[in-house]
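The residues making up each chain are set out below.
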Amino acid sequence: MAVWGRTLHITIPLSVSLLAYGGILLRGVIGVKDVWIPGSGCTIVNSQINILRTIYIYGMSLDFIVMCLTIFKLVFSTASNTPLVTMLIQDGLVYFAIS
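Caption draft 1: Examining the overall build of the protein more closely. Scanning the protein for helices and strands turns up 3 helices and 2 strands. Ordered by position in the sequence, the α and β elements of the protein form the string α-β-β-α-α. Radius of gyration (C-alpha) of the protein: 19 Å, far over the 13 Å computed for a compact globule of 99 residues. In terms of overall dimensions, the protein has C-alpha extents of about 60 × 25 × 20 Å along its principal axes. Sequence-distant contacts, at least 24 apart, represent 51% of the contacts inside the protein between residues at least 6 apart. Accessible area for the protein stands at about 7,300 Å²; split by element, carbon and sulfur atoms hold 71% of it.

Caption draft 2: Layout of the packing of aromatic side chains. On inspection of all chains with the given rule, the structure shows 3 aromatic pairs. Taken together, a centroid distance of 5.6 Å and an interplanar angle of 45° make the contact between F64 and F96 tilted. On the criterion of sequence distance, the pair formed by F64 in helix α2 (residues 49-75) and F96 in helix α3 (residues 83-98) is long-range, its members being 32 residues apart. The class for F64 is partly exposed, based on a relative accessible area of 41%.

Caption draft 3: Inspection of the pairing of strand β1 (residues 33-37) at higher detail. Here β1 pairs with strand β2 (residues 41-46) via 5 bridges, running antiparallel. Across the sheet, residue V35 finds its bridge partner in β2, namely T43. Linking two consecutive strands that pair antiparallel, namely β1 and β2, is a turn of 3 residues; a positive phi of about 90° is found at G39 within it.

The rules we used
Residues numbered from 1 in each chain as written. Predicted model: local features only at pLDDT ≥ 70, side-chain atom pairs only at ≥ 80, totals over all residues. Heavy atoms only, no water. Helix = DSSP H or I, 4+ residues; strand = E, 2+ residues; numbered from the N terminus. Rg over C-alpha atoms; globule rule 2.2 N^0.38 Å. Contact = heavy atoms within 4.5 Å. Areas by Shrake-Rupley, 256 points an atom, 1.4 Å probe, with all protein chains shown as cover. Phe/Tyr/Trp six-rings, centres within 6.5 Å; stacked < 30°, edge-to-face > 60°. Buried < 20%, exposed > 50% of the residue type's maximum accessible area, 1.4 Å probe, protein only. Pairing = 2+ DSSP bridges.

What follows is the structure, encoded as structure tokens:
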């Protein structure tokens, strides 16, 4: 959001998306059932695979959108040839590729 100068047409949709992601994460945590097994500790006995898939896909989609917005703004800005911009783009691409 800082790269875009906190413009509302970027800030509001990203904020709503992050709040929705938080809700999905909370739903995923609530849906996990666990038991305490003496000698072994806590173990998961039931989880909702659809919620876990949704968490992963939604999170990766949100990361991809943020990466695209950042690259678009940095490439088409007046300071697109600085070492800082180059490092931000390269590190962002590496982060997305790893995750």
